[in-house]
Amino acid sequence: MTPPNVSPTGTGQGKHAAVRQSRRVASPLITAVIVLLVLAYLLGPAVWQWSTGQTKMAAMSNEQVTTIDANDIDSALVDKLVAAPTSTQSGPLILTYHDIGYEKGQYQTTPEAFATQMKLLADAGWTTISAGQLLDWLDGKPLPAHSVMITFDDGTRGVWKYADPILASHNMRAISFVITGFVGTHEPYYMTWEQIEELHSSGRWDIESHTHLGHLEVPVDSKGTTAPFLTSLMWLDSKNRKETVEEWRDRVTTDLKESKDEIARHGLGEPTLFAYPFSANRTDPDGTSLLPGVLAPMFRASLLDAGGVARTTTLANLASGDVARMDITSDVTPAVLTDRLLEASGIDPRGLHPLVGPNRVKWATAQDTDTAIAVPGADGTIEFKSRANYQRYVFAPVATAMWCTYTVTADIGGFQPDSTSSAGLIALLEDAKNQIDVSVSGDEFQVHRGLDNDLVAAGALAFGSSHRVQISVSTTAVSVTVDGVRVYSATIDAPTGGHRVAGSVAVYQAASSARPTTIRNMTIS
């Protein structure tokens, strides 16, 4: 029997029934689509928030992140670092980082930025050095060419979470300076001892001291004014006075000893290096400069920090027990990092013409040694200003600070009869005991030694519009000749071992009349 609503002959009645059947099928589909659209509208933001939350939760998890991709690197930067100068007479290039992560702040470096910087170094063939190699350098052993030390202050979780996997991918070493009293606190900001031990067990990390609880400021008066823990006499509220120097010494020594003991107790070796919190090292209690005396028996070296500039260690640093570092902050791009490494890379003094070609733009003034300039005058010449006060130029002061064996020669001229003009040449610049300063005028010379400016030789010269001055220095002796005649020689009075003497080269005009003095034919060998 045929159903009454279906026409077997295709009449109008059958067509209407077919349409009704189609509507019954389509209606649930339309309803489902509408429901899905409504759900998407309502749940879409929630899903996005959930996804974002999952990303944040991953960043906060206690797992290392091994999937950080470096940004694209300009091949020109790699080429510059490949061609960077090297010298056995140079100090270590040390970079300071603080936290690696996604928080905003000057001392935060994103994982991607850090990965890019490390890839830049690796692509250029640079290597990383250990704490042991730094100690060897302090004892006088040269560092590997194109090497850099990577350091991290504070012991933050991002070092373990992000930095270590990135370093491991390039087989790079690093040093973590930890605040031992903060380890495992302020979750998840600081690393735990387990994470620090994991770094150390990799064989790529050295663990060193950044105080126990001394990375803070203490009250220094009854008003609550605060200043750095290490370099301030603390206000003792219960006694209504500042602590004495002896009380300060006991407080600081106890903190530093606890830091060393805590690291050793966890099987991480005995720390030999220390990093100043806040880089606070210059303002000691009562201005008595006591801090180096406290640190010296406990550590082989204490590490400084300099932000925004290229910096290497000088002999003056070493005399205070310090080693220089360069702070890498959030605004340091690969190009900026490259420029700082190039400026700080040691220059070989052999066969050098510092007044010719690109070397002309590596000089600095006495007033601003952090800014490279081109010296005045034609190629191969420095021409000082006439009728001007004292003027001095230093050759590549950062890259040459640890020069210790070289001979510098220059023709110093522009002299006229009866003029008061004089100019000079300096070797071992800023070496407290052994700086050699030779000044000449048209008819006389003087040799001064050390920063106390002791006059060690002087005499008359046959008048000349120019005189050739040569200074030869080594780790054991210095000598000076003027116009081919030796006018001074002496042995070096310095401790044995390590770095006995060091310093850059400088030229200066002490006085000038109407005609400017000049420096020509300058060579370093």
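Please read all numbers here as calculations on a predicted model, not as lab measurements.

Draft legend 1. Highlighting the overall build of the chain. The helix and strand inventory of the chain stands at 10 helices and 29 strands. When the 525 residues of the chain are sorted by exposure, 50% land in the buried category. Counting only contacts in the chain whose residues sit at least 6 apart along the sequence, the fraction spanning at least 24 positions is 67%. Put simply, the chain shows about 24,700 Å² of open surface, and 54% of that area lies on carbon and sulfur atoms.

Draft legend 2. Inspection of the pairing of strand β29 (residues 518-524) at higher detail. Alignment of strand β18 (residues 381-383) against β29, held across three bridges, turns out to be antiparallel. Bridge assignment links E383 to a residue of β29, and that residue is T518. Alignment of strand β20 (residues 406-413) against β29, held across five bridges, turns out to be antiparallel. Within the sheet, the bridge partner assigned to V408 lies in β29 and is I524.

Draft legend 3. Fine view of the side chain of D164. As for its placement among the helices and strands, D164 is situated in helix α5 (residues 157-169). D164 sits in the buried class, given a relative accessible area of 7%. There is a polar contact of 2.7 Å between the side chain of D164 and the side chain of W205. In this view, D164 contacts Q64, V159, L199, R204 and W205; residues no more than four positions away in its chain are not counted.

Draft legend 4. Molecular detail of unusual backbone geometry. In this model, E187 is joined to P188 through a cis peptide bond whose omega is 0°. Checked against the element boundaries, P188 lands in the loop between β6 (174-178) and α6 (193-201). Of note in this structure, D154 is not a glycine but carries a positive phi near 100°. Among the structural elements, D154 can be located in strand β5 (residues 147-154). On the accessibility criterion, D154 (12% relative accessible area) is buried. For E430, which is not glycine, the phi dihedral falls at a positive 70°.

Draft legend 5. Looking closely at the nonpolar core. Residues F152 and L341 are the most contacted members of the largest nonpolar core, which totals 46 residues. Contact partners of L341, with chain neighbours within four places excluded, come to L81, L93, L95, L121, W126, V148 and M326. Membership of the second largest hydrophobic core comes to 44 residues, among which are L352, A427, Y488 and I524.

Draft legend 6. View of the sheet that holds strand β27 (residues 485-491). Reading across from one edge, β18-β29-β20-β25-β26-β27 is the order of the six strands in this open sheet, with antiparallel pairing throughout. Every interior strand has two partners, whereas the edge strands, β18 and β27, have only one. Pairs of neighbouring strands in the sheet enclose a mean axial angle of 20°, with direction left out of account. Note: strand β26 (residues 477-482) against β27, six bridges, orientation antiparallel.

Draft legend 7. Here's a closer look at the sheet that holds strand β23 (residues 444-449). The seven strands are arranged β17-β19-β28-β21-β22-β23-β24 in an open sheet whose pairing can be described as antiparallel. The sheet is open, and its two edges are formed by β17 (363-365) and β24 (454-460), each paired on a single side. Neighbour to neighbour, the strand axes of the sheet diverge by 20° on average, direction disregarded. Relative to strand β28 (residues 504-511), strand β21 (residues 422-429) is paired through six bridges, and the arrangement is antiparallel. The residue bridging A423 from the neighbouring strand is Q509, located in β28.

Draft legend 8. Region of interest: the pairing of β23. The pairing of strand β22 (residues 436-440) with β23 spans five bridges and is classified as antiparallel. Bridging across to β23, S439 finds its partner in Q446. Linkage of β22 to β23, two consecutive antiparallel strands, is achieved through a turn of three residues. As defined by bridge partners, β23 adjoins β24 across six bridges and the pair is classed as antiparallel. Across the sheet, the residue bridging to R449 is D454, located in β24. The hairpin formed by β23 and β24 contains four residues between the paired strands, and G450 there has a positive phi angle of roughly 75°.

Draft legend 9. Here's a closer look at the packing of α5 against α6. Axis separation between α5 and α6 bottoms out at 9 Å; the angle between their running directions is 40°. Judged by the angle between their axes, α5 and α6 are oblique. Two packed elements cross with a definite hand, and for α5 against α6 that hand is left-handed. Mapping the contact onto sequence places R157, V159, W160 and D164 in α5 and Q195, E198 and L199 in α6. When its residues are assigned to classes, the contact of α5 with α6 shows three nonpolar, one polar and three charged.

Draft legend 10. Highlighting the pattern of salt bridges. For the structure on display, the rule yields 19 salt bridges. In this structure, D123 and K119 form a salt bridge, with 2.7 Å as the shortest nitrogen-oxygen distance. Of this pair, D123 and K119 both sit in helix α3 (residues 111-123), four residues apart, roughly one helical turn. What makes K119 partly exposed here is its relative accessible area of 31%. Between R241 and E247 there is a salt bridge, and its shortest N-O distance comes to 3.0 Å.

Draft legend 11. Seen up close, the confidence of the model for the chain. For the chain, mean pLDDT is 88; residues scoring 70 or higher make up 86% of the total. Counting contacts from residues 1-26, a segment whose pLDDT is below 50, to residues more than four positions away or on other chains yields six contacts. Contacts for the low-pLDDT stretch residues 32-59, under 50 throughout, to residues beyond four places or in other chains number five contacts.

Draft legend 12. Local environment of the packing of aromatic side chains. On inspection of all chains with the given rule, the structure shows 14 aromatic pairs. Taken together, a centroid distance of 5.6 Å and an interplanar angle of 35° make the contact between F152 and W205 tilted. Note that F152 is positioned in strand β5 and W205 in strand β7 (residues 205-209), a separation of 53 residues in sequence. Comparing F152 with W205 shows no difference in burial state: the two are buried. By way of ring pairs, the aromatic residues Y97, F114, F152 and W205 are connected into one cluster. Positioned above the aromatic ring of Y162, the side-chain terminus of K161 is 5.8 Å from the ring centre.

How each quantity is defined
- Residues numbered from 1 in each chain as written.
- Predicted model: local features only at pLDDT ≥ 70, side-chain atom pairs only at ≥ 80, totals over all residues.
- Heavy atoms only, no water.
- Helix = DSSP H or I, 4+ residues; strand = E, 2+ residues; numbered from the N terminus.
- Buried < 20%, exposed > 50% of the residue type's maximum accessible area, 1.4 Å probe, protein only.
- Contact = heavy atoms within 4.5 Å.
- Areas by Shrake-Rupley, 256 points an atom, 1.4 Å probe, with all protein chains shown as cover.
- Pairing = 2+ DSSP bridges.
- Polar contact = N/O pair within 3.5 Å; in protein donor to acceptor, adjacent residues only side chain to side chain.
- Core = buried A, V, L, I, M, F, W, Y, C linked by side-chain atoms within 4.5 Å.
- Axes fitted to C-alpha atoms, helices over the stretch in contact; angles between N-to-C directions.
- Parallel < 35°, antiparallel > 145°, perpendicular 65-115°, else oblique.
- Left-handed = near helix turned anticlockwise from the far one by under 90°.
- Nonpolar A, V, L, I, M, F, W, Y, C, P; charged D, E, K, R; others polar.
- Salt bridge = Lys/Arg side-chain N within 4 Å of Asp/Glu carboxyl O.
- pLDDT = per-residue confidence, 0-100.
- Phe/Tyr/Trp six-rings, centres within 6.5 Å; stacked < 30°, edge-to-face > 60°.
- Lys NZ or Arg CZ within 6 Å of the ring centre and 35° of its normal.

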